[in-house]
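# What the coordinates show
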Amino acid sequence: MTFLAAIPSELIHIVIGMVAIMAFVGIHVLVLVYAERKGAGHIQRRPGPFEVGPHGILQPLADAGKLIGKQLFTPTNADPILFWMAPVLAVFPVLLLFVPMPFGPVVTVQEVNLGLLLILAFAGIGVLSTMLAGWASNNKFGLLGAARTVSQSVAYEIPLLLAVLCIAFQKGSLNLSTIVEGQGSWPWQWNIVTQPLAFLIFLVCAFAETNRAPFDLPEAESELTAGFHTEYSGMGFGMFFMAEYANMVVVSGVCTALFLGGWKGPGIDGVWWFMIKVYALLALFIWVRWTYPRVRFDQLLNINWKWLIPLATLNLLGTVFLMKVF
Amino acid sequence: MHYEQLGVTEGDFYNRNFEKGAREDTMILNLGPQHPATHGVLRVIVELDGEYVIRAEPVLGYLHRMHEKMGEVKTLSQFIPNTGRIDYGHALGWNWAFVGAVERLAGFEVPERAQYIRVITTEINRITSHLLWWGAFTLDLGAITPIMYAFDDREHLLDILQMPTGSRLTHSSFRIGGVCTDLSEKFIETVRDFIPKMRERLPMYRDLVTDNVILRKRLEGVGVMDADMCRRYGVTGPVARGSGLAYDVRQAEHFPIYEGLDWQVAVRTEGDSMARYLVRMDEMEQSLNIIEQALAALPAGPVLMKNAPKVLWKAPKGESYFAVEGARGKIGVHLVSNGGEFAYKVKLRSPCFSNLSAYAEAARGTILADAVAILGSLDLVIPEIDR
Amino acid sequence: MSMIRKVLEPIGDLWSLVVGLRITGRNFTRPQVTVHYPREQVPTDLTDSYRGPIALVPHPRDATKSKCTACMICVGACPSQCITVVKAPAPVITPEQEKTFQEAEARGEEVERPVAPREPVIWINDFSLCSLCGMCVEACPPRCLTFSHELNAVGTSRDAFLHNLLIPYPGSLKPTPEQVQKLQER
């Protein structure tokens, strides 16, 4: 057993953490798929999945089984290496994003001083996977979807960054745990009170970055059939699906840590407050998706360049000014 | 320039003969025949510059069922079920157009009660058709929930419509010289109950979809068709009325029942997709008014004329044309008879066919998402285009 | 003025988004309208007005028979040619019977030779062709045809849709082998 002792404890910590993250993501994707379909069903006054298990609770498992069981199919003239790299690239960076996530006072896989930066940096890889998927599948719809993704994600990263910077300036840290600790237990001590505009901008950007309705242009069904993942079937599609939901959890988690007081809340602080807030945000994501029509592509960019970026810049300048004065 | 000569073997006849424009950096994209936005087997070939549509060309014929030819090999009464299947959305409009043409040819006098029943059921059918369009159109624009609310109401209306017509989709209850079944007391009661309920639902539709800023920004100023363009292409129905042409067959052809009722032709002058949308929303309200008044004025009497023609009845020699305002525009039937039990020729004038012909011009220069929105705003029913 | 409107417009626009969320949120809490089909059925007053596959009306005196006289008008009326009716054949007269008839005629008596009964022996509706238009129901002179309210006309083969109306519905879904053979000969 001596060779075990030679392994640094840090490494064991990380490995256990990664395994825990994978389990967390896997379970949450299943739960979210179920919640989304149930939510959609009830909003539309129908039961949603109902037949597999009591109230359809096993439906996501059945769907996952179906997706795994399907043949992996590469279209003719597609670039097979890039084609299959894309879904893998979509999922794995998302797992890394959970590393600095402050679930609770001690429940963090690895405290990173530049945690916020790490999340923003690795989130960018998701764009690459979408672009590769659209490009490599040799499909015109996929190509259009990929082109949309790139301009959408690049554009929306700017106001997102500006909104996040406000908090970083205010708290003087890029460490998510530190930012959470800088907030109080009661809702009026959270950053959302001091930075409401940044919160709104962050939320809008979160919808756009995760490609959720009303900003789901890369996969706009009525125009591009399925956009970048038109040619994917089976688990190839399943990976994109997983990445989308995992991204939602990440964005909600970051939003909770930055603006909603993280694990802090009235009463006893802990993981449960973090999860409650994340679930509330996820419910908002689902609710919005089943309410609005999709915006048009040029409108999407107009909202960004004409509203969000100027507002975010002004907000940042105002924050900096106030920080300097007081 | 033929693509075969250039050695291009990809694609089918239409792709190869859809000539690329003067520019080299464009992409030709097939929307359909299997595409979520075409609601059926319509195919649109578009030439794209990035996301901008340089040209769009509809390809028809994927659902051609030879209804006109069938009219020549079936007796006149036997053709009635066919008319219910030309446009599944507004089946009774086609029913009425065909039996109207036969009645005009033979000079039949339809009992007044039957005429009222025709007005009531056709208007209910118009509402179901508009509800179907409303749901599908919002689906085109990316909103998934409204179609479920629309179908909730539509199912109730279909329950009602099932009572006199016996079916839920391809109604064929009009007969030469009247209708096949009388309205029951229960029908009248249910419709009376339903009209206020439907009036309460329409504001909800307005708040959820019509007033939504995303939808308004998607539709306002998109796909503008002016009155002149509508005239050039023979566009009728809500599409023409959205461009300021106050042409409604119900009013223009002086239908006896409609003349006595208090209702307005819904007209908007903007000519964009939003105007077409609003015209249809207004029409639903007007249809409710018509149904309410027609029910109140429903006279007693027979629903089928005394000497209604039997199956092997021979129509007199001659020609007749009869037009009805369908949910999508002017439905016209031109009937030529040489005195036999079969028609010599049945010409079906389909509003969707004419409306679609304006699409190529309306979609030019728009963004791909707008092209889809314009296609949806024309309210196309593919079986009606091909017939 | 236009300045104020420009500022107020986005606020109104954003408010419309809140209104939309409120409507879907309210619908979320309202009861569902779905009918869970195999466990629940739609109310029967809806199925009663539905025109299902055609059936023969039982005779008022003898429920095992119908008033159908095999006049073939329905066959001509059908736009889809989905009805097959075969008249009952005239009874075969044996030579002995013929002899007695002739003898009786020779005696000057009035002879009632047996004639074909005015009833069908085969009455098949090919439901896979039927469009439920009701032309046959309306054309029938003795009014012996009607629409059933059978919603669940399903089958696993084409033959399952050759409805034999002489066997009372819904057991009529399968014709006898001889009938199928006769139909194929046609």
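Cut-offs applied
Residues numbered from 1 in each chain as written. Chains lettered and ligands numbered in written order. Predicted model: local features only at pLDDT ≥ 70, side-chain atom pairs only at ≥ 80, totals over all residues. Heavy atoms only, no water. Contact = heavy atoms within 4.5 Å. Buried area = accessible area lost by both parts, 1.4 Å probe. Salt bridge = Lys/Arg side-chain N within 4 Å of Asp/Glu carboxyl O. Polar contact = N/O pair within 3.5 Å; in protein donor to acceptor, adjacent residues only side chain to side chain. Helix = DSSP H or I, 4+ residues; strand = E, 2+ residues; numbered from the N terminus. Nonpolar A, V, L, I, M, F, W, Y, C, P; charged D, E, K, R; others polar. Axes fitted to C-alpha atoms, helices over the stretch in contact; angles between N-to-C directions. Parallel < 35°, antiparallel > 145°, perpendicular 65-115°, else oblique. Left-handed = near helix turned anticlockwise from the far one by under 90°. Buried < 20%, exposed > 50% of the residue type's maximum accessible area, 1.4 Å probe, protein only. Expected span 1.5 Å × (residues − 1). 1 Å grid on protein atoms, 1.4 Å probe; cavity = no way out; pocket = protein on both sides within 12 Å on 5 of 7 lines; lining within 4 Å. Points joined across faces, edges and corners; volume = space filled by probe spheres on them. UniProt positions renumbered as here; feature names shortened; annotations may be inferred. pLDDT = per-residue confidence, 0-100. Domains from an automatic or database assignment. Pairing = 2+ DSSP bridges. Patch = residues over 30% accessible without salt bridge, like charges linked within 9 Å, V, L, I, M, F, W, Y side chains within 5 Å. Areas by Shrake-Rupley, 256 points an atom, 1.4 Å probe, with all protein chains shown as cover.

A word on the interface of chain B and chain A. Size of an interface, as often reported, equals the accessible area lost when the parts are brought together. Listed as interface residues are 34 residues of chain B and, on the opposing side, 24 residues of chain A. Contact between chain B and chain A buries roughly 2500 Å² in total, counting both sides, with carbon and sulfur atoms accounting for 62%. Taken together, the links from chain B to chain A amount to 3 salt bridges. Note that Arg 45 of chain A and Asp 152 of chain B form a salt bridge whose closest N and O atoms lie 3.5 Å from each other. At the boundary of chain B and chain A, one finds 9 residue pairs in polar contact (both at pLDDT 80 or more). Of all the secondary structure elements, the ones that give two or more residues to the side of chain B that touches chain A are β1 (27–31), α5 (112–140), α6 (145–165), α7 (185–210), α8 (213–219) and α16 (368–377) of chain B. Of all the elements, β1 of chain B adds the most residues to the side of chain B that touches chain A, at 5 residues. A breakdown of the residues in the side of chain B that touches chain A according to their chemical character gives 21 nonpolar, 6 polar and 7 charged.

Turning our eyes to something else, we now look at the packing of helix α4 (residues 80–97) of chain A against helix α5 (residues 115–136) of chain A. Residues and elements named next belong to chain A. Where α4 meets α5, the closest approach of the two axes is 8 Å, and the angle between their N-to-C directions is 165 degrees. Taken together, the axes of α4 and α5 lie roughly antiparallel to each other. For the pair α4 and α5, the crossing hand works out as left-handed. Two secondary-structure elements touch here, α4 through Leu 82, Phe 83, Met 85, Ala 86, Leu 89, Ala 90, Pro 93, Leu 96 and Leu 97 and α5 through Leu 118, Ile 119, Phe 122, Ala 123, Ile 125, Leu 128, Ser 129, Leu 132, Ala 133 and Ala 136.

What follows deals with the pattern of salt bridges. Residue and element names in this part refer to chain B. Using the criterion set out here, one finds 40 salt bridges over all chains in the structure. Note that Asp 379 and Arg 280 form a salt bridge whose closest N and O atoms lie 3.8 Å from each other. Residue Asp 379 is found in the loop between α16 and α17 (382–386), and its partner Arg 280 is found in helix α13 (residues 273–296); the two are separated by 99 residues along the sequence. By the burial criterion, Asp 379 is buried, and Arg 280 matches it. Each of Glu 123, Arg 126, Arg 241, Asp 248, Arg 250, Glu 283 and Glu 325 takes part in a single network of salt bridges with overlapping partners.

All right, on to helix α9 (residues 196–209) of chain A then. All names here are of chain A. End to end, α9 covers 20 Å across 14 residues, agreeing with the expected 20 Å (1.5 Å per residue, within 8%). Counting buried residues in α9 gives 10 out of 14 residues, a clear majority hidden from the surface. When we look at burial in α9, the residues that qualify are Ala 198, Phe 199, Ile 201, Phe 202, Leu 203, Cys 205, Ala 206, Phe 207, Ala 208 and Glu 209. Those residues of α9 hidden inside the fold are in contact with α6 (140–171), α8 (191–194), α11 (234–259), α12 (271–289) and α13 (297–325). Asn 211 sits one or two residues past α9 and shows a positive phi near 55 degrees.

Another aspect to go through is the interface of chain C and chain A. Listed as interface residues are 16 residues of chain C and, on the opposing side, 14 residues of chain A. A buried area of about 1400 Å², summed over both sides, lies between chain C and chain A, and 62% of it is on carbon and sulfur atoms. Together, Leu 21, Phe 28 and Gln 32 of chain C form the three largest contributors to the area buried by chain C at its contact with chain A, with a combined 37%. Where chain C touches chain A, the interface holds 1 salt bridge. Glu 51 of chain A is the salt-bridge partner of Arg 39 of chain C, the closest N and O atoms lying 3.2 Å from each other.

All right, on to empty space enclosed by the protein then. Residues and elements named next belong to chain C. Tallied over the entire structure, the rule returns 3 cavities of 30 Å³ or more. Of the residues that constitute the lining of the largest cavity, the class distribution is 11 nonpolar, 4 polar and no charged. Lining the second largest cavity, in full, are Cys 68, Thr 69, Ala 70, Cys 71, Met 72, Cys 74, Trp 123, Cys 140, Pro 141, Pro 142, Cys 144 and Leu 145. Class assignment for the residues of the lining of the second largest cavity results in 11 nonpolar, 1 polar and no charged.

Residues and elements named next belong to chain A. Despite not being glycine, His 55 has its phi angle at roughly 55 degrees, a positive value. Considering the arrangement of structural elements, one finds His 55 in the loop between α2 (9–43) and α3 (59–69). With a phi angle near 55 degrees, Asn 138 is a residue other than glycine that sits in the positive phi range.

In this section: the UniProt feature "domain: NADH-quinone oxidoreductase subunit D" (unreviewed entry) in chain B. The sites that carry the UniProt feature "domain: NADH-quinone oxidoreductase subunit D" (unreviewed entry) are, in the present numbering, residues 140–387 of chain B. Between the end C-alpha atoms of residues 140–387 of chain B the distance is 24 Å, and the span holds 50% helix and 10% strand.

With that settled, consider the confidence of the model for chain A. Averaged over all residues, the pLDDT of chain A is 84; the fraction at 70 or higher stands at 97%. Summarising per-element confidence for chain A, the mean pLDDT is lowest in helix α1 (residues 2–6) of chain A (69) and highest in α3 of chain A (89).

In this structure's numbering, the residues bearing the UniProt feature "transmembrane region" (unreviewed entry) are residues 12–35, 81–100, 112–133, 154–170, 190–208, 245–265, 271–292 and 304–323 of chain A. Spanning residues 154–170 of chain A, this segment combines 100% helix with 0% strand, and its end C-alpha atoms are found 25 Å apart.

This next bit is on the domain arrangement of chain B. Residue and element names in this part refer to chain B. Under the domain assignment, chain B is made up of domain 1 (1–63 + 352–387) and domain 2 (79–310). If you average the C-alpha positions of domain 1 and of domain 2, the two centres end up 29 Å apart. On the domain 2 side, the residues contacting the 22 residues of domain 1 number 24 residues. Roughly 2000 Å² is buried in total at the junction of domain 1 and domain 2, and carbon and sulfur atoms are behind 56% of that figure. If you sort the residues of domain 1 by the area they bury against domain 2, Glu 361, Ser 377 and Asp 379 come out on top, with a joint share of 24%. Where domain 1 packs against domain 2, one counts 2 salt bridges. Run the count over domain 1 and domain 2 and you get 9 residue pairs in polar contact (both at pLDDT 80 or more). At the level of elements, α14 (351–357), α15 (359–363), α16 and α17 are the ones that each hand at least two residues to the side of domain 1 that touches domain 2. It is α16 that contributes the most residues to the side of domain 1 that touches domain 2, 7 residues altogether. Of the residues belonging to the side of domain 1 that touches domain 2, the class tally is 11 nonpolar, 6 polar and 5 charged.

With that settled, consider the sheet that holds strand β8 (residues 345–349) of chain B. Residue and element names in this part refer to chain B. Taking strand neighbours across the sheet as the criterion, the 3 strands line up as β6-β7-β8 in an open arrangement whose pairing is antiparallel. Sheet topology places β6 (318–325) and β8 at the edges, where each strand pairs with a single neighbour. Going from strand to strand, the sheet's axes swing by 10 degrees on average, the running direction of each strand aside. Contacting β6, β7 (330–337) and β8, helix α4 (residues 91–106) crosses the sheet at an angle of about 150 degrees to β6.

Summary statistics for chain B give a mean pLDDT of 85 and a share of 94% for residues scoring 70 or more. The ipTM value of the predicted complex is 0.82, and its pTM value is 0.86.

Residues and elements named next belong to chain A. Along the polypeptide, Arg 294 turns up in the loop between α12 and α13. What makes Arg 294 buried here is its relative accessible area of 5%. At 2.9 Å, the side chain of Arg 294 forms a polar contact with the side chain of Asp 216.

It is worth spelling out the sheet that holds strand β5 (residues 162–164) of chain C at this point. All names here are of chain C. What the 3 strands build is an open sheet, ordered β2-β3-β5; its pairing is antiparallel. The strands lining the two open edges of the sheet, one partner per strand, are β2 (83–87) and β5. Recorded for the sheet is a direction-independent mean angle of 20 degrees between the axes of neighbouring strands. Sheet analysis places β2 next to strand β3 (residues 120–126), joined by 5 bridges and oriented antiparallel. Across the sheet, residue Thr 84 finds its bridge partner in β3, namely Ile 124.

The next thing to look at is a nonpolar patch on the surface. Residue and element names in this part refer to chain A. On the surface, a nonpolar cluster with roughly 510 Å² of combined accessible area is contributed by Ile 7, Leu 11, Ile 12, Val 15, Ile 16 and Val 19. Its location among the elements puts Val 19 in helix α2. A relative accessible area of 52% places Val 19 in the exposed class.

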